[in-house]
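Next come the chains, spelled out residue by residue.
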Amino acid sequence: ASVERHTGWLPRPYVLHLHGTDARTHQYDPRLGPQVRRAIDRAAAVLYSTPDLAPHVRRDGAELLPSPIDTAALPPWGPAVRPRVVFPSRWSAVKGLDVQLAVVRHLRDWCGQDVDLVGINWGEGAPAARTAGVRLVERLPHVGFQQLLSTAHVAVGQPTGMLAVSELEALGIGVPVVAPLNPVWYNDGAPVPPVAGGLALGEAHALPPQDRETSRTPPLSPHEVDELGSSIGEIVLRTLEVPALAEEVKTRRLWVASEHGVERAVDRLVQLYERIMDSRRH
């Protein structure tokens, strides 16, 4: 939505694929909000990338088009020699920073230096992650980031109730991903990712949906943060202790290819474009 100001003057229809930052944050910003809402209103059709965005997309007929993943470009899974847990998301409040840090603290307390905790040096909480015991690497080109994901024994998804592209790419590589999923966002037929914990973990900790008017997620109490961090950490440890089965790796890869593969996205877009152009001709 934020690029419409550069392209909106073109005299032809456009389809808007609405992403999280625009829908959840920019739309409610006094300066950027009018621009985002104008992009939504003027679009010939609106799609959104993750199920949690539905309440923020105030447009009749808007549809979920899950974030497309080029699964053919993903590297093979090749875990490092030393047990490695990768945190793919940036260290930011909108990515569940408090819970991320709680997971780190629990894992470091339980494992000492036996497990390599790795994250990206990105986000306002990165210094706190380093202090808590995460080995931070500088931001990488996309291919390099995917290679880092492929070395993980386990990836810890952002504890926000849904999966972003980084976690989906980890699944597509075959890496076990531990993440709580908000059942509210997956109760209308949205495909449930094959992550450890998943809906059960989200249900157990009653992950709150974001407020539609403010885009803010009601904060968890310090006790809830620690409890969720401990639960995620325990699942990470159990996952590290059990060798991955080839069938489970295959299931993760096939799920991403089926639900997020670029071929499926292109097919849907072609059909949508044809409907739009037919309606303009008639």
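Coordinates for the structure precede this section.
Reading guide: rules and limits
Numbering of residues starts from 1 in every chain and runs along the sequence as written. Per-residue local features are limited, in this predicted model, to residues with pLDDT of at least 70; the limit for side-chain atom pairs, both in listing and counting, is 80 or more; totals at the level of whole chains, interfaces and linings are taken over all residues. Only hydrogens and water are removed before side-chain values are computed, so all heavy atoms of the structure are retained for them. Each helix is a run of DSSP H or I of at least 4 residues and each strand a run of E of at least 2, with the numbering of both proceeding from the N terminus. In this treatment the radius of gyration is a C-alpha quantity, and the globule benchmark scales as 2.2 Å times the residue count to the 0.38 power. All accessible areas in this document rest on Shrake-Rupley with a 1.4 Å probe, and a residue is counted as covered only by the protein chains that are shown. By the counting scheme adopted, Arg and Lys are positive, Glu and Asp are negative, and His together with the chain ends is not counted. The atom standing in for a charge is NZ when the residue is Lys, CZ when it is Arg, CG when it is Asp and CD when it is Glu. Nine residue types can take part in a nonpolar core, namely buried Ala, Val, Leu, Ile, Met, Phe, Trp, Tyr and Cys, and a core is a set of them joined through side-chain atoms within 4.5 Å. Each residue gets one of three labels from its accessible area relative to the maximum for its type: buried under 20%, exposed over 50%, partly exposed in between, using a 1.4 Å probe on protein chains only. For this analysis, residues touch if any pair of their heavy atoms sits within 4.5 Å. In this analysis, strands are considered paired if DSSP registers two or more bridges between them. Between N-to-C directions, angles cover 0 to 180 degrees, with each direction set by a line fitted to C-alpha atoms, over the stretch in contact for helices. Each angle is binned into one of four classes, with values under 35 degrees roughly parallel, values over 145 roughly antiparallel, values of 65 to 115 roughly perpendicular, and all other values oblique. Take the far helix as the reference: if the near one is turned anticlockwise from it by less than a right angle, the crossing is left-handed, and if turned clockwise, right-handed. Any carboxyl oxygen of Asp or Glu that lies within 4 Å of a side-chain nitrogen of Lys or Arg is treated as forming a salt bridge with it. Cavities and pockets were defined on a 1 Å grid built over protein atoms only: a cavity is a set of grid points that admits a 1.4 Å probe from which the probe cannot escape, a pocket is an open set flanked by protein on both sides within 12 Å along at least five of seven lines, and lining residues are those with an atom within 4 Å of any such point. Grid points are joined across faces, edges and corners, and a volume is the space filled by probe spheres set on the points. Note on residue categories: nonpolar means Ala, Val, Leu, Ile, Met, Phe, Trp, Tyr, Cys or Pro, charged means Asp, Glu, Lys or Arg, and polar means any other residue, Gly included.

Chemist: Quick question: what am I supposed to make of the overall build of the protein chain here?
Modeler: Check the secondary structure of the protein chain and you find eleven helices and nine strands. Scaling as 2.2 N^0.38, a compact globule of 282 residues should have a C-alpha radius of gyration of about 19 Å, and the protein chain matches this with 19 Å. Just so you have it, the protein chain exposes about 14,000 Å², and 55% of that area is on carbon and sulfur atoms. The positive charge centre, built from 29 side chains, and the negative charge centre, built from 32, are 7 Å apart in the protein chain.

Chemist: How should the nonpolar core be read in this particular structure?
Modeler: Burial of nonpolar side chains together is a common tendency in soluble globular proteins. With 29 residues, the main nonpolar core has Leu-163, Val-175, Val-177 and Val-195 as its most contacted residues. Only strand S5 (116–120), helix H6 (142–150), helix H7 (165–173), strand S8 (177–180) and helix H10 (246–260) provide two or more residues apiece to this core. At four residues, H7 tops the list of elements feeding residues into this core. Not counting the four nearest positions on each side in its chain, Leu-163 is found in contact with Thr-50, Leu-168, Leu-171, Ala-179, Leu-181, Tyr-186, Pro-193 and Val-195. Counting 28 residues, the second largest nonpolar core, distinct from the first, contains Leu-117, Ala-132, Val-156 and Ile-232.

Chemist: In this structure, what is going on with the sheet that holds S5? I would like to understand it.
Modeler: Strands pair in a sheet through their backbones, by hydrogen bonds, and they do so in one of two ways: parallel or antiparallel. Across the sheet, which stays open at both edges, the six strands sit in the order S6-S5-S4-S7-S8-S9 with parallel pairing between neighbours. Each edge of the open sheet carries a strand with a single partner, namely strand S6 (135–137) and strand S9 (196–197). Here strand S4 (residues 84–87) runs beside S5; their pairing, made up of four bridges, is parallel. Counted as the bridge partner of Phe-87 is Gly-119 from S5. Running over the sheet, helix H4 (residues 97–111) touches S4 and S5 and is turned about 170° from S4.

Chemist: I would appreciate a short explanation of the sheet that holds strand S1 (residues 15–18) in the present structure.
Modeler: The strand order S1-S2-S3 describes an open sheet built from three strands, whose pairing is parallel. Every other strand in the sheet has two partners, leaving S1 and strand S3 (63–64) as the edge strands with one partner each. Direction of pairing for strand S2 (residues 45–48) relative to S3: parallel, over a ladder of two bridges. Within S3, the position partnered with Tyr-48 by the bridge is Leu-64.

Chemist: What is the right way to read the packing of H4 against helix H9 (residues 222–241) from this model?
Modeler: A packed helix pair is summarised by two numbers, namely the angle formed by the two axes and the spacing between the axes. Interaxial distance between H4 and H9 falls to 8 Å at its minimum, and their mutual angle equals 55°. The angle between H4 and H9 places the two elements in the oblique class. With respect to the hand of their crossing, H4 and H9 are arranged in right-handed fashion. Note on element contacts: H9 touches H4 through Val-225, Asp-226, Leu-228, Gly-229, Ser-230, Ile-232, Gly-233, Glu-234, Val-236 and Leu-237, opposite Asp-98, Val-99, Ala-102, Val-103, His-106, Leu-107, Trp-110 and Cys-111.

Chemist: Would you explain the pattern of salt bridges in this entry?
Modeler: Where charged atoms from two side chains of opposite charge approach closely, those side chains can pair. For the structure on display, the rule yields eight salt bridges. In this structure, Arg-84 engages Asp-116 in a salt bridge whose closest nitrogen and oxygen atoms are separated by 3.1 Å. In this pair, Arg-84 is assigned in strand S4 and Asp-116 in strand S5, connecting sequence segments 32 residues apart. Overall, the relative accessible area of 7% leaves Asp-116 in the buried class.

Chemist: Looking at this model, I keep getting lost on empty space enclosed by the protein. Mind explaining?
Modeler: Left-over empty space is what a probe sized like a water molecule reveals as it rolls over the atoms. A full pass over the atoms with the stated rule returns two cavities of 30 Å³ or more. There is about 130 Å³ of room inside the largest cavity. Around the largest cavity, the lining is made up of 14 residues, and of these Pro-51, Pro-66, Tyr-186, Pro-191 and His-260 lie nearest the centre. Classifying every residue of the lining of the largest cavity by side-chain character gives ten nonpolar, four polar and no charged. Size it by volume and the second largest cavity reaches roughly 40 Å³. What lines the second largest cavity is simply Leu-65, Pro-66, Glu-259, His-260, Gly-261, Arg-264, Ala-265 and Arg-268. In the lining of the second largest cavity, the residues fall into three nonpolar, two polar and three charged.

Chemist: So what exactly am I meant to see when it comes to the layout of surface pockets here?
Modeler: The calculated volume of the second largest pocket comes to roughly 340 Å³. Lining the second largest pocket are 16 residues, and of these Pro-176, Thr-239, Val-242, Ala-244 and Glu-248 lie nearest its centre. Mapped by element, the contributors of at least two residues to the lining of the second largest pocket are H9 and H10. Top contributing element to the lining of the second largest pocket by residue count: H9, with three residues. Its residues placed into classes, the lining of the second largest pocket shows eleven nonpolar, two polar and three charged.

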